[in-house]
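Survey of secondary and tertiary structure
One letter stands for each residue in the lines below.
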Amino acid sequence: MSIASIETTEHTEAVALLPTAGGDLISHPVFSSYVSDIGDAELVQLYTDLVVVRRIDAEATALQRQGELGLWAPMLGQEAAQVGSAHALRSKDFVFASYREHAVAYVRGVDPTMILRFWRGSTHSGWNPYEVNMTTPAIVVGSQMLQAVGYGMGIRRDRSDDIAITYFGDGATSQGDFSEALGFAASFNAPVVFFCQNNQFAISAPVGVQTTVPIVRRAAGFGIVGVQVDGNDVLAVLAVTRYAAERARNGDGPTFIEAVTYRMGPHTTSDDPTRYRDAEELARWKERDPIDRLRRTLEHRGLATPEMLAAAEAKAAEFAASVRAGCLGTVEPAPESIFENVYCEPHSLLEEERVEFLAYHGIPDTKAADK
């Protein structure tokens, strides 16, 4: 079943926007209005984005298996949660990501090659966060939630209608940072959207051992509106994220979204998911594949023509080739570059360490030569 529900201490109501077995869109008295502008062209664009980001993800996984990346965190199965939510944002909104939001980065305009450089170990971050208003991957689980709240509090003091959104997995809700972030956001009415991608596993631990109730219910304990959405329904995700963003812009405070989805692949490429989940479970979730889901609706509308499907695949192949070429063509940084971009202003202790490092490795000090 495709379900999106608003859950607070007062009421619960469910909605489905994309049918699971084909057919046209399902009307809902609240959420349909948030996607009333989404016509045929927009649905085709959403489909194309889903196809492209899945191909980028597959190419990155292949590159890691071939020894070209140190590690990769696949997002297979979670494309709709990321693409749908990212399309609900304005360019000035700031995204605080974890380490799996490759599709969000793509929608925000990040060059996929820059995403891979981080996982290749050839850069500290990969891209300039201020060029696309999105942080680079946060490996410390849950840390980005507190950062998003702090940024949101700053937005409120600036009297701006921008918002902050933070992405995290179900495992991060077991961190202390999670409760601290929700507490501060509620107390200071911060314009923050908390976007939890519940992909059913925190590495190998199923969500059932982390919580005895749906994760979305935790929001009510902080006085925060909670929304549970089918994370494999790209249109429903777009609708509820627009709803949450609107609340934040109007000064109504934070919203918590739980996107119920499934990680079809491993936690990272160093993981073996067959050790903790069975094939039948995976098969059941494959029937809810987010790309197949949208394609069936496009077929019902007569939009899934051979030409449209071929164009989407061609764009995906083009990006995949670009990602591979960009990864293999990366110029590895000089060892001394580790001392760059650590502080905004020159720092005497860091300079001493830099000089000592160069001397130890026998590397000429070009900066000293320039003086």
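Residues numbered from 1 in each chain as written. Predicted model: local features only at pLDDT ≥ 70, side-chain atom pairs only at ≥ 80, totals over all residues. Heavy atoms only, no water.

With that out of the way, let us pick up the packing of helix α1 (residues 40-65) against helix α11 (residues 306-328). At a minimum axis separation of 8 Å, α1 and α11 run at an interaxial angle of 35 degrees. Judged by the twist between their axes, the crossing of α1 over α11 is right-handed. Split by residue class, the contact of α1 with α11 holds 17 nonpolar, two polar and five charged. (Axes fitted to C-alpha atoms, helices over the stretch in contact; angles between N-to-C directions. Helix = DSSP H or I, 4+ residues; strand = E, 2+ residues; numbered from the N terminus. Left-handed = near helix turned anticlockwise from the far one by under 90°. Nonpolar A, V, L, I, M, F, W, Y, C, P; charged D, E, K, R; others polar.)

The periodicity of an α-helix, 3.6 residues per turn, causes residues three or four places apart in sequence to face the same way. Relative to the 21 Å expected for 15 residues at 1.5 Å per residue, helix α6 (residues 143-157) spans 22 Å between its end C-alpha atoms, a close match to the ideal helical length. Just downstream of α6 lies Arg159, where phi reads positive at about 60 degrees. (Expected span 1.5 Å × (residues − 1).)

Looking now at helix α8 (residues 234-249). Across its 16 residues, α8 extends 22 Å between first and last C-alpha, which sits within 8% of the 22 Å expected from 1.5 Å per residue. Most of α8 is tucked away: 14 of the 16 residues are buried. Where α8 ends, the next residue or the one after it, Gly251, has phi of about 85 degrees, a positive value. (Buried < 20%, exposed > 50% of the residue type's maximum accessible area, 1.4 Å probe, protein only.)

Turning next to the nonpolar core. By size, the foremost hydrophobic cluster in this structure holds 72 residues, and its most contacted members are Leu116, Leu235 and Leu294. Tallying contributions element by element places α8 first for this core, with eleven residues. In contact with Leu235, not counting residues within four places along its chain, are Leu17, Leu18, Leu25, Val35, Ile38, Leu43 and Leu46. With 22 residues, the next largest nonpolar core counts Ala181, Leu182, Ala185 and Cys196 among its residues. (Core = buried A, V, L, I, M, F, W, Y, C linked by side-chain atoms within 4.5 Å. Contact = heavy atoms within 4.5 Å.)

Turning to the pairing of strand β5 (residues 192-198), a few remarks are in order. In terms of burial, β5 is a largely internal element, seven of the seven residues being buried. Both faces of β5 are covered, namely the face carrying Val192, Phe194, Cys196 and Asn198 and the face carrying Val193, Phe195 and Gln197. As paired elements, strand β4 (residues 164-169) and β5 share six bridges and run parallel to each other. Across the sheet, residue Thr166 finds its bridge partner in β5, namely Phe194. With helix α7 (residues 176-187) bridging β4 and the parallel β5, this β-α-β connection has right-handed handedness. Relative to strand β9 (residues 255-260), β5 runs parallel, the two being bridged by six bridges. Its bridge partner being in β9, Phe194 is matched across the sheet by Phe256. (Pairing = 2+ DSSP bridges. Right-handed = clockwise from strand over helix to strand, strands pointing away.)

Glancing now at the pairing of β4. Where burial is concerned, most of β4 is hidden: five out of the six residues are buried. The pairing of strand β3 (residues 94-96) with β4 spans three bridges and is parallel. Bridge pairing in β4 links Phe96 to Thr166.

As for its position among the elements, Thr330 is in the loop between α11 and α12 (348-361). There is a polar contact of 2.9 Å between the side chain of Thr330 and the backbone oxygen of Gly326. Polar contacts involving the side chain of Thr330 include one to the main-chain carbonyl oxygen of Cys327, which spans 3.0 Å. Apart from the residues within four sequence positions on either side, Thr330 is in contact with Arg117, Arg120 and Ser122. (Polar contact = N/O pair within 3.5 Å; in protein donor to acceptor, adjacent residues only side chain to side chain.)

Looking now at the pattern of salt bridges. For the coordinates displayed, the defined rule picks out 16 salt bridges. Residues Arg242 and Asp37 are paired through a salt bridge, measuring 2.7 Å at the closest nitrogen-oxygen approach. Of this pair, Arg242 sits in helix α8 while Asp37 sits in the loop between β2 (12-15) and α1, and the two are 205 residues apart along the sequence. For Arg295, the salt bridge goes to Asp292, with nearest N and O atoms at 2.9 Å. Of this pair, Arg295 and Asp292 both sit in helix α10 (residues 290-300), three residues apart, which is roughly one turn of the helix. On the basis of relative accessibility, which here comes to 23%, the residue Asp292 falls in the partly exposed class. (Salt bridge = Lys/Arg side-chain N within 4 Å of Asp/Glu carboxyl O.)

To continue, consider the packing of helix α4 (residues 112-120) against α11. Running from N to C, α4 and α11 cross one another at 45 degrees; their axes reach a closest spacing of 9 Å. It follows from the interaxial angle that α4 and α11 lie oblique. For the crossing formed where α4 meets α11, the hand is right-handed. Contacts from Pro112, Thr113, Leu116 and Arg120 of α4 reach α11 at Phe319, Ser322, Val323, Gly326 and Cys327. (Parallel < 35°, antiparallel > 145°, perpendicular 65-115°, else oblique.)

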